[in-house]
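These are the residues of each chain, in order.
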Amino acid sequence: MRHYQLHLEDADLISYKSKVLFVDATKAADVESFRIEKMASKMDFSFSSHAISIPAIMATCQQCFDRVPQVHLLTIRGYAWELEQGMTPAAQRNLMTATEYFRNESCASGM
Amino acid sequence: MSRKLVIDPVSKIEGHGKVIVYMDDDNQVTDAKLYVAEFRGFEKFVQGHPYWEAPMLLQRICGICFVSHHLCGAKALDDMVGVGYSTGVQMLPTPEKMRRLGHYMQQLQSHVTAYFYCIVPEMLFGMDAPPQQRNVVGLVEADPELVKRVVALRKWGQEGIKAVLGKRMHGINSVPGGVSQNLDQAARDRLINGEEGLISLDDVIEYAQDGLKVFKDFHAKNRAEVDAFAEVPALNMSLVNDEGNVDYYHGDIRIVDKDKNIVEQFDYHDYLDYFSEATEEWSYMKFPFLKSLGREAGSVRVGALGRLNVTKSYEHNCPLANAALEEFHDYTGGKANDMTLHTNWARAIEILHSAEQIKVLLSDPDLQKDQLVITPADNAWIGEGVGVVEAPRGTLLHHYRADKAGNITFANLIVATTQNNTVMNRTIRSVADAYLGGKEQAEITEGMMNAIEVGIRAYDPCLSCATHAMGQMPLVITLLDADGKLIEEKIR
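Below: a short report on this structure.

Calculation criteria
Residues numbered from 1 in each chain as written. Chains lettered and ligands numbered in written order. Predicted model: local features only at pLDDT ≥ 70, side-chain atom pairs only at ≥ 80, totals over all residues. Heavy atoms only, no water. Helix = DSSP H or I, 4+ residues; strand = E, 2+ residues; numbered from the N terminus. Buried < 20%, exposed > 50% of the residue type's maximum accessible area, 1.4 Å probe, protein only. Contact = heavy atoms within 4.5 Å. Areas by Shrake-Rupley, 256 points an atom, 1.4 Å probe, with all protein chains shown as cover. Pairing = 2+ DSSP bridges. Phe/Tyr/Trp six-rings, centres within 6.5 Å; stacked < 30°, edge-to-face > 60°. Core = buried A, V, L, I, M, F, W, Y, C linked by side-chain atoms within 4.5 Å. Domains from an automatic or database assignment.

When helices and strands are counted, chain A shows three helices and three strands. Each helix and strand of chain A, placed in order from N terminus to C terminus, yields the pattern α-β-β-α-β-α. For chain A, buried positions account for 42% of its 111 residues. A fraction of 66% describes how many contacts in chain A between residues 6 or more apart in sequence connect residues 24 or more apart. If you sum the accessible surface of chain A, you get close to 6600 Å²; carbon and sulfur atoms cover 51% of it.

And the structure:
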């Protein structure tokens, strides 16, 4: 499933799954190439009409549907987002590394 | 010492704006303005593109009402290639009904978003409630069953848009002269009957009735406050069919006054003969007005409240919406309704109307037929077209011209929020008067800040018609004296 942005309806979407992996780009400098982290449910009131956090989606799922899947977030370091620019070579390398890691390691780590 | 009050940015609306309220030495409000400091430039950068790209490009103005922009552009393209309403060509039944169906799907989706995400929390928790509670996430904790229904409604709307337009966002179904696909029986049955994880159409209608009940319950408990909040005069405008009732997809433009007398009615292709647009150096948003009446008297209100003030009734096959409309009309004794917060009542009725109209259209076998496009004759090219639809926020207009090679040379868009510009400014002025005017100590309270925002938000404005984050944005209110010296500032 590819999304333009997260919506409250994603609480419904993930309620049918046992494991969910969110993937997003990040410009956080402390992410060298990519990062995988386990997410925890939290009603953090981050909602706006165009944005809501993953923890708030999970909390909504718990509150409305009485269940919540195991959720991980895969963030991949990006460097530039100008129109027509496409991915930079460094970002492409990070994406490939993350994809490779995810393919090889996800089953073993129980994600 | 004269003062001005700044609310920047206004939150939970589409795009960024700020409000400045000007006060004199006696703490009387002397003026109030909604400043729109964003510039998008879609009309300019679409120039040079092939004409057929316009409905695809320009729908990206908005992430909420993209179907309206897409259909409005498609209607303009129908004209350009010589098979549109300007040449008297009647669109084939299947493509017209597909377009109408997509439009109702989006209206349902857009109104549900505005109503349940932004307005219902304010009704349930009150304007003075903290911002972190006064939104749909606050509702999750307070009433998870209601949120579950909202999520189900939105999901159904998204699935409907995807089935009709081809994509959940920025669909591609409309082409010059028609549509590229019909609705197959399986997709139709899925929307009517639902499936695991997808509610049925009857559920949609039931939930829409629930939404209307939320407003009516709130109104019954807070009648005086709701009715007195920003009652501002304006003419009312909508597309209408031959019976003079609202038609969201096509018709004449009708404008009525307080007594519902027709002030103007005309073919929208002639809009330049009737409308002019004023500009102000402090805002990128223009101020349209009827030439015959001038800028102040000739400004109009569009959107749900404007439409309900213009229309007399709905189609006979929408009994629930018709009953709700009758009750709405009776409340003001047949006069036009100028009460700003009744826009939310009107919006809830339109959710129900959309759901009933969707039911009618989904039952129509024309949707499964194969005649999808009128192919223009070789010499039919006109190169100019105008499209108008009733978008969720009100009357939307696209006007394009292209050269002989088919590249766009001119584009003019008048979006609903622009039509509402003057009446929104009147609303801000009215609210500011009520909360601040003449008081010894003009105090900046959370409730007062939000009251101004509530007034604007009733119009569900799309200030940039763009897609970017807002909602829990920092809200800064600054009191400055006439020399620009800081008197007081509050940040939330």
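Here we take up the pairing of strand β13 (residues 394–402) of chain B. All names here are of chain B. The element β13 is largely enclosed, with a buried count of eight among its nine residues. Note that strand β12 (residues 384–391) and β13 share eight bridges and pair antiparallel. Among the inter-strand pairings, A391 is bridged to a residue of β13, identified as G394. Remark: two residues form the turn of the hairpin made by β12 and β13, two consecutive strands paired antiparallel. As judged from the six bridges shared by β13 and strand β14 (residues 408–414), these two strands associate in the antiparallel manner. Paired with L397 across the strands is I414, a residue of β14. Between β13 and the antiparallel strand that follows it, β14, lie five residues; G406 among them carries a positive phi value of about 90 degrees.

A separate point is the packing of aromatic side chains. Residues and elements named next belong to chain B. All told, the structure shown has nine aromatic pairs over all chains when counted by the stated rule. Seen from their ring centres, Y331 and W345 are 5.6 Å apart, and the 75 degrees between their planes marks the pair as edge-to-face. Placement of the pair is Y331 in helix α12 (residues 319–331) and W345 in helix α13 (residues 342–362), with a sequence separation of 14 residues. In this structure W345 comes out as buried when scored by relative accessible area, which is 4%.

Residue and element names in this part refer to chain B. Ranked by internal contacts, the top residues of the largest apolar core, which has 137 residues, are V21, L101, Y115, W156, I255, Y314 and L362. Of the residues forming this core, the biggest block, 13 residues, is contributed by helix α4 (residues 93–125). Here this core spans two domains, and each of domain 1 (3–36 + 425–491) and domain 2 (42–365 + 373–419) adds at least three residues to it. If we skip the residues at most four places from it in the chain, L362 touches L101, W156, L183, R188, L191, I192, L201 and L367. The next biggest cluster of nonpolar side chains, apart from the first, holds 17 residues, and it includes V46, A76, L77 and V81.

With a phi angle near 60 degrees, D66 of chain A is a residue other than glycine that sits in the positive phi range. Within the secondary structure layout, D66 of chain A lies in the loop between α2 (54–65) and β3 (70–77). Judged by relative accessible area, D66 of chain A falls into the exposed class, the value being 66%. Residue A230 of chain B is not a glycine yet carries a positive backbone phi of 50 degrees. Secondary-structure assignment places A230 of chain B in the loop between α9 (223–228) and β6 (235–240). Of the residues examined, A230 of chain B reaches a relative accessible area of 4% and is grouped as buried.

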